Amino acid sequence: MKRISFALVMLAAVAYLSAQEVEKQPVVDWGIKLQANSSNYLFKNVPTMPALSSDMNAGAEVGGFMDFNITQRFYIQFNLIGTFEQCFLDFGDHTSKLQSSALEIPVFALWRFGNSKHGWLCLGGGPYTEFIVWGSLEGMNPFRHVITDNTTGQQTIVTADNHSGLAAFIGYEFPCGLQLNATYHFGISDMLLFEHDSRDTYQRPQKLTLGLGWRF
């Protein structure tokens, strides 16, 4: 009887401690991120510029995130990131630097592996949308540049100032709240706005990021 009573007490203690551990996991928490990025565009058969290509160059990002903890292992992370991106455009006969500043909104579905004592490995991904607020290429903003049809007089903006895609995420969070994060973004939407066959002609962005985060 004493053994049964002792076992019941131990089970109750374990259940209580487990409940306490779950209670320590807030429904919502948040933090900040500081990241470096490297980005460029993938071009295919752009009219009048068949040789157009781009090479990655370094940029920087800063922003914040908010986590909605569905369970202790699974959570949804909303991000609001200000980015500065650069790449080199190779036109065949010369090369120019393209710069842009944007507001990016990624949403990640993430899984945690580990524990609060030793740290968490975080894996997942999700959609993102980026709104470009400023750009510079050879003294003009290419995301506001308008071309005019000499026959009809119709004006068309060449390159979209926003795009969406998917991103993969991997990170590690230390028990103190410090995070190491890396992502890969690939644009699904075609950024060329003039009439064309999107299967054979497109402009799609891609980006790698590596940075630090801190959960408060």
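Model, not experiment: these values are computed from the prediction.

How do you make sense of the pattern of salt bridges when you look at a structure like this?
Opposite charge on two side chains permits pairing when their charged atoms draw close. Considering all chains together, one arrives at 8 salt bridges under this definition. Two residues, Asp29 and Arg215, come together in a salt bridge whose shortest N-O distance is 2.8 Å. Separated by 186 residues along the polypeptide, Asp29 in strand β1 (residues 28-44) and Arg215 in strand β10 (residues 202-215) bring together distant segments of the chain. Here Asp29 falls in the buried class, since its relative accessible area comes to 8%.

Mind showing me how you'd approach the side chain of Ser39 here?
Tracing the backbone shows Ser39 in strand β1. When near neighbours in sequence (up to four residues on either side) are disregarded, Ser39 contacts Asp55, Met56, Asn57, Glu85, Gln86, Cys87, Gln206 and Lys207.

Sorry if this is basic, but what is going on with the nonpolar core here?
Soluble globular proteins: nonpolar side chains tend toward being buried together. With 16 residues, the main nonpolar core has Tyr41, Phe43, Leu89, Leu98, Ile132, Phe143 and Met191 as its most contacted residues. Looking at this core, the elements with two or more residues in it are β1, β3 (74-90) and β4 (95-115). Trp120, Cys122, Ala167 and Phe169 belong to the second largest nonpolar core, which has 8 residues in total.

Sorry, what's going on with a nonpolar patch on the surface here?
Together, Val27, Val28, Trp30, Ile32, Met66, Phe68, Ile70, Phe78, Trp214 and Phe216 make up an exposed nonpolar region whose accessible area comes to about 970 Å². Of all the secondary structure elements, the ones that give two or more residues to the nonpolar patch are β1 and β2 (53-69). Sorting elements by how many residues they give to the nonpolar patch places β1 first, with 3 residues. Tracing the chain through its elements places Phe78 in strand β3.

Looking at this model, I keep getting lost on the sheet that holds strand β9 (residues 178-187). Mind explaining?
Sheet strands line up and pair through hydrogen bonds in the backbone, either parallel or antiparallel. In space, the 8 strands of this closed barrel follow the order β1-β2-β3-β4-β5-β8-β9-β10, with antiparallel pairing throughout. The mean inter-strand angle of the sheet, taken between neighbouring strand axes irrespective of direction, is 25°. With 14 bridges joining them, β1 and β10 adopt antiparallel strand pairing. Looking across to β10, one finds that Tyr41 is bridged to Pro205.

Conventions adopted
Residues numbered from 1 in each chain as written. Predicted model: local features only at pLDDT ≥ 70, side-chain atom pairs only at ≥ 80, totals over all residues. Heavy atoms only, no water. Salt bridge = Lys/Arg side-chain N within 4 Å of Asp/Glu carboxyl O. Helix = DSSP H or I, 4+ residues; strand = E, 2+ residues; numbered from the N terminus. Buried < 20%, exposed > 50% of the residue type's maximum accessible area, 1.4 Å probe, protein only. Contact = heavy atoms within 4.5 Å. Core = buried A, V, L, I, M, F, W, Y, C linked by side-chain atoms within 4.5 Å. Patch = residues over 30% accessible without salt bridge, like charges linked within 9 Å, V, L, I, M, F, W, Y side chains within 5 Å. Areas by Shrake-Rupley, 256 points an atom, 1.4 Å probe, with all protein chains shown as cover. Pairing = 2+ DSSP bridges. Axes fitted to C-alpha atoms, helices over the stretch in contact; angles between N-to-C directions.

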